[in-house]
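So you can see what is in the structure, the chains are spelled out below.
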Amino acid sequence: RAKARQETDGICVLAFLLDESLKPEVTHPELDAFRQEVLQDQVKFFKTIDELELLVQQALAQSPCAKQDESDEEPPVTFKPHPGEILDGRYTFEQLLGKGGNGEVWRVQVRLPDGKSTVPVAIKLLKREVSENQQRVDRFISEISVAHRLKHPNIIRTTHWNTVGSQFYAVMDYVDGQTLRDFIDGRRFSDKEAVHYLGQVAEALDYAHRQGIVHRDVKPENILVEDGRLRLGDFGLAVSPDENTSLTATGELVGTKKYMAPEQWDNQPNGPQTDIYALAIIAYEMLTGRFPYDASSHARLLTQHMNDSLPDDPAIAEEILFILRKATAKSPEGRYTSATGFVTELAHWHLDENKIETRISKYLDHLRVNLRGDAYEKLFVDMEGDIRQVIAAVQPERPAAEGFEDLRMRDFEDLLDGLMVEQDADHHLPQESETRPVENIIEQLVQSQRVVLVGEPGSGKSFTLRRLVMRYIREGGDQIPVWVPLDAFKGEISFRDYIVQCLDDLGPYFAQLHERLVLICDALNEMPRSAADGRELVAEVRDTLRDVPRFVVSCRVRDYNRDLDSLGLERLEVRDLDLSAIREFVRRYKLLLKYDDDELWRSMGGSDDLFTFWRQVREKDEADRFWDEQAGIPDYTSASGDRAWRQMWQGGKLIPLARNPYMARMICNLHGQQTLPENR
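Residues numbered from 1 in each chain as written. Predicted model: local features only at pLDDT ≥ 70, side-chain atom pairs only at ≥ 80, totals over all residues. Heavy atoms only, no water.

A.B. asks: Would you mind going over a positive patch on the surface with me for this structure?
C.D. replies: A contiguous patch of positive charge, built from Lys99, Lys127, Arg136 and Arg139, is present on the exposed surface. On the secondary structure map, Arg139 appears in helix 7 (residues 134-149). (Patch = residues over 30% accessible without salt bridge, like charges linked within 9 Å, V, L, I, M, F, W, Y side chains within 5 Å. Areas by Shrake-Rupley, 256 points an atom, 1.4 Å probe, with all protein chains shown as cover. Salt bridge = Lys/Arg side-chain N within 4 Å of Asp/Glu carboxyl O. Lys, Arg positive; Asp, Glu negative; His and termini not counted. Charge placed at Lys NZ, Arg CZ, Asp CG, Glu CD. Helix = DSSP H or I, 4+ residues; strand = E, 2+ residues; numbered from the N terminus.)

Structure, rendered in C-alpha cells:
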C-alpha cells in the first residue's frame, strides 16, 4: 500500500493492488472481471487509494459468494436510529435533521481518538430498500467517491462510509445552518449581496470542474448556508464530462427540472456550462425574489428552458439582465467559460450612461404625477363629499405618449407654490448651541446635506417636503430626489429595500446612483416603531441613514430627541405662522376655492386694528405676547388695537387656530363650503 501511494496513475495503483496484494492465486469472478477492465483501461473514475477501496468493497459486497453467504443468514433487520443510540462504538445519534425518498440525515456526535472529546458530524443513512437497489447504491457510492475527492471550503466533505446491517451510510461534515432555499425564500437581494453568496458557489463549482466533475444538480436545496458561508453538497448526479449521459439507467432525465439546462432536457453532453446555467437561474431568483419561469408543469418548464430567454423584471437593471441571459444561453458555447467568470462579470457590471439619463427623466416624471395626486388629497382631506371626484376634476389623466409635456402639471406646481406661504424656522447646527432664523425653509433644505425638519403635526412639514421634491425636479441638476413616505414603511422588507422600492424603475441602479440621491423621508412620527417580526424599525432607519450622503427627515421635536439626535444632524425647527403669514395664507388660498378672502379674514377676527396691536408688540420684541391670552394688555398699545386683540381671544375667533398651517387650510376649505363655524 505504501508503495502504491507513490504511484500517480490510478490505473497502475489498481493493477498493483489486484496483482500484488490480492495475489494471482486469489481468484474471484467479480475481481477477475474487474481486473480485465483495468487492464483494458476502462476504469477511469478514481484517483486515490481511498476511492479504490470503496470500489473494491462494493465489488466484494455484490459478489455471488457474498450473496450466497447472505442467503444463509436471517433476513436483515432495518436499522432505525433514535437519539442516544450508538453506532460502531463511536457515533452517538442526536437529532434527525431531515427525511427524504432515499433515507434520513442525522446530527451525530463522533468520539475523537482521545476517547473524551466529541465533534458533530452528519450521517446520511439509506433506507434498507434503497440499499438493496443496485442502481441507487451505485449512485450513493458515486456521490461519496466524488465528495471524498473534492476538498474545498465551499464543498461539504464526506469523510467515511460503511454499512450497518444491509444499509449503507456516509459520514459528512455537519453544517449548522439552513438550505439556500430557506435562506432566499421571501427575500430579494441587492446585486452586491447576491454576488457575495453566488461567488462562493462559483468557486466550489470551478474547483469541481477543474477536477473533471460536473455537478448536474445545482439548486438552492443542495446548498447549505452557515454564518454567511455557502457549501455545495449532494454530488449524487455528478459525472465526468466524458461520460456524456443525461439519463439514468431507467431512462429518466438527470437533474432537477427547474434548474436543468437545455442540454440536460435534450440528452446532450453535460459540461461546466451546465452548472453555470443553473447558477444563473439561482442568481435571477435572488435578485428578483421569484423563479423566472412557469413551473406549474414539466411541459411548460421544458418549453421555456429550451426556447425562452430570462424575462424582464423591474428589480433587475438591463445591464445585469444581459449578463444573466448570457449565462443561460440556450447553447453551452454561448455561456461563460467559468462560474467565477460569470459572477465576476455580475460584480463589475457597468452603467449604460447613454440610457440612464432617460430612465431618470421617466422616473422624475412619474414622481411628479404621484406627488400631484398625493398633494391634492392632502389639500382636500377635510372636505365633504366624494374626494375622488374633487381630485379627478382638477387632476387630468396622464397621457400615455412618451415625452408629453403636461402644461397643467406646471400649472399645478405653480398653484402649489402659490398656495403655500413661506414659513420661518430656527436653524440649529450640530454641536452649536446658538440658532439662527431662516425665512425660507425650502432654500435652506436645498443647501443642507443631512438635515431633519422638525415641527408638530399640522405645521406644514409634509407640504414643505413635497415642494422640495418639486423644486429638485423643476430645476434639474445632478441630484435625484427620492420620495420616501415613512408612514407606509411597515417592516415587511428592510428599509434599504424600501428605499429601492421607492426608486421605482431606478431601483436596480440604487448602488450606482447612490451619490446623486437625495432621500426625502416624510413623517417619521407616523411610522410604526417595530415590525411584525419584532425588528426595531426606527433603529433600522437610523442605521441606514448613517451611510446616506444627502437626506431630509421630517418628525416631531420629541421624535428627533429620542430617535435621531445621535446622528448629529442639522435641524430646522418650523415656527407657527405669524399674523401676517395667516393673512397671506387666506389671500393665497382663494386661488383654489375662489372665495372672498376679505370676508373670511374678518370672520376669523382679523382687522387693521389687530395688525396695529401685533406690530406694536413686535416692535417691543414681545411678539409672543400677541399669542398669549393670559399676558394681558401692555401699556404701550393703542386702545383700538387693545379692543381688537381682546375680541379675538374673548370672542373665540379663529385666528389663533390658523397658526397651524393644517388648521388654516381647514378653515379655508370650510369657508369655501360655507360650513365654517363662527368660533374656535
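Let's pick the thread back up.
A.B. asks: Where do I start with the environment of Val130 in this structure?
C.D. replies: Residue position: Val130 is located in helix 6 (residues 128-131). Judged by relative accessible area, which is 2%, Val130 ranks as buried. Sequence separation of Val130 and Phe140 is ten residues, and the distance between their C-alpha atoms is 9.7 Å. Apart from residues no more than four positions distant in its own chain, Val130 is found in contact with Gly101, Asn102, Arg136 and Val137. (Buried < 20%, exposed > 50% of the residue type's maximum accessible area, 1.4 Å probe, protein only. Contact = heavy atoms within 4.5 Å.)

A.B. asks: How do you make sense of a negative patch on the surface when you look at a structure like this?
C.D. replies: A contiguous patch of negative charge on the surface is contributed by Asp621, Asp624, Asp628 and Glu629. Tracing the chain through its elements places Asp621 in the loop between helix 26 (608-619) and helix 27 (623-626). Asp621 gets classed as exposed once you look at its relative accessible area, which sits at 72%.

A.B. asks: Explain helix 14 (residues 339-347) here, please?
C.D. replies: Looking at helix 14, one finds that the buried residues are Ala339, Phe342, Val343 and Leu346. End-on view of helix 14: buried residues confined to an arc of 90°, all on one side of the axis. In the core, the buried residues of helix 14 are packed alongside helix 9 (191-210), helix 11 (272-288) and helix 13 (318-327). Two to three positions downstream of the cap, the backbone nitrogen of Gly341 sits 2.9 Å from a side-chain oxygen, assigning the N-cap of helix 14 to Ser338. (Arc of directions from axis to C-beta. Polar contact = N/O pair within 3.5 Å; in protein donor to acceptor, adjacent residues only side chain to side chain.)

A.B. asks: Hey, could you run me through the sheet that holds strand 15 (residues 551-555) in this one?
C.D. replies: Strands pair in a sheet through their backbones, by hydrogen bonds, and they do so in one of two ways: parallel or antiparallel. Reading across the sheet, the seven strands line up as 11-10-16-12-15-14-13 and stay open at both edges, with mixed pairing between neighbours. Of all the strands in the sheet, the pair left with one neighbour each is strand 11 (435-438) and strand 13 (480-485). In this sheet, adjacent strand axes meet at a mean angle of 20° when their direction is disregarded. As defined by bridge partners, strand 12 (residues 450-454) adjoins strand 16 (residues 570-574) across four bridges and the pair is classed as parallel. When the bridges of strand 16 are listed, Val454 appears paired with Glu573. Packing against the sheet, helix 19 (residues 461-475) makes contact with strand 12, strand 13, strand 14 (517-522) and strand 15, and its axis sits at approximately 160° to strand 14. (Pairing = 2+ DSSP bridges. Axes fitted to C-alpha atoms, helices over the stretch in contact; angles between N-to-C directions.)

A.B. asks: Sorry, what's going on with the confidence of the model for the chain here?
C.D. replies: It should be kept in mind that the predicted coordinates are not to be read in detail where pLDDT is low. Mean pLDDT over the chain: 83, with 79% of residues reaching 70 or higher. Low confidence marks residues 394-409, where pLDDT is under 50. Its contacts with residues over four positions away, or in another chain, come to 18 contacts. (pLDDT = per-residue confidence, 0-100.)

A.B. asks: What exactly am I supposed to notice about the nonpolar core here?
C.D. replies: Soluble, globular proteins show a tendency: their nonpolar side chains are buried together. Judged by nonpolar contacts, the single largest core of 117 residues is most densely connected at Leu324 and Phe342. Looking at this core, the element that brings in the most residues is helix 11, giving eleven residues. Setting aside chain neighbours within four positions, we find Phe342 in contact with Ile276, Leu279, Ala280, Ala283, Ile323, Leu324, Ala327 and Tyr336. Leu592, Met604, Phe626 and Leu670 belong to the second largest nonpolar core, which has 32 residues in total. (Core = buried A, V, L, I, M, F, W, Y, C linked by side-chain atoms within 4.5 Å.)

A.B. asks: Can you walk me through the pairing of strand 2 (residues 91-99) in this structure?
C.D. replies: If a strand is regular, its side chains alternate between the two faces of the sheet. Where strand 1 (residues 86-87) lies against strand 2, two bridges are found, and the strand directions are antiparallel. The residue bridging Leu87 from the neighbouring strand is Tyr91, located in strand 2. Once strand 1 ends, the chain turns through three residues before running back antiparallel as strand 2, passing Asp88 with a positive phi of about 55°. Sheet topology places strand 2 next to strand 3 (residues 103-111); seven bridges connect them, and they run antiparallel.

A.B. asks: Looking at this structure, how should I read the pairing of strand 6 (residues 167-173)?
C.D. replies: Burial of strand 6 is extensive: seven of the seven residues sit out of reach of the surface. Where strand 4 (residues 118-126) lies against strand 6, five bridges are found, and the strand directions are antiparallel. What sits directly across from Leu125, in strand 6, is Tyr169. In the sheet, strand 5 (residues 158-164) pairs with strand 6 via six bridges, with the strands oriented antiparallel. Bridge assignment links Thr163 to a residue of strand 6, and that residue is Phe168. Remark: two residues form the turn of the hairpin made by strand 5 and strand 6, two consecutive strands paired antiparallel; Gly165 in that turn has positive phi of roughly 65°.

A.B. asks: What is the right way to read the packing of aromatic side chains from this model?
C.D. replies: Aromatic ring pairs are defined here through the distance separating the ring centres and the angle between the ring planes. Overall, the coordinates contain 20 aromatic pairs when judged by the stated rule. Feature note: the residues Phe613, Phe626, Trp627, Trp645 and Trp649 constitute an aromatic cluster, connected by ring pairs. Geometry around Phe183 places Arg187 over its ring, the cationic atom sitting 4.8 Å from the centre. Above the plane of the ring of Tyr636 lies Lys620, whose end atom (NZ or CZ) is 5.5 Å from the centre. (Phe/Tyr/Trp six-rings, centres within 6.5 Å; stacked < 30°, edge-to-face > 60°. Lys NZ or Arg CZ within 6 Å of the ring centre and 35° of its normal.)

A.B. asks: Where do I start with the sheet that holds strand 7 (residues 178-179) in this structure?
C.D. replies: Ordered in space as 7-8-9, the three strands form an open sheet in which the pairing is antiparallel. Looking at strand neighbours, the two that pair on one side only are strand 7 and strand 9 (229-232), the edges of this open sheet. Pairing between strand 8 (residues 223-226) and strand 9: four bridges, direction antiparallel. Within strand 9, the position partnered with Ile223 by the bridge is Leu232. Contacts from helix 9 reach strand 8 and strand 9, with the element oriented near 35° to strand 9.

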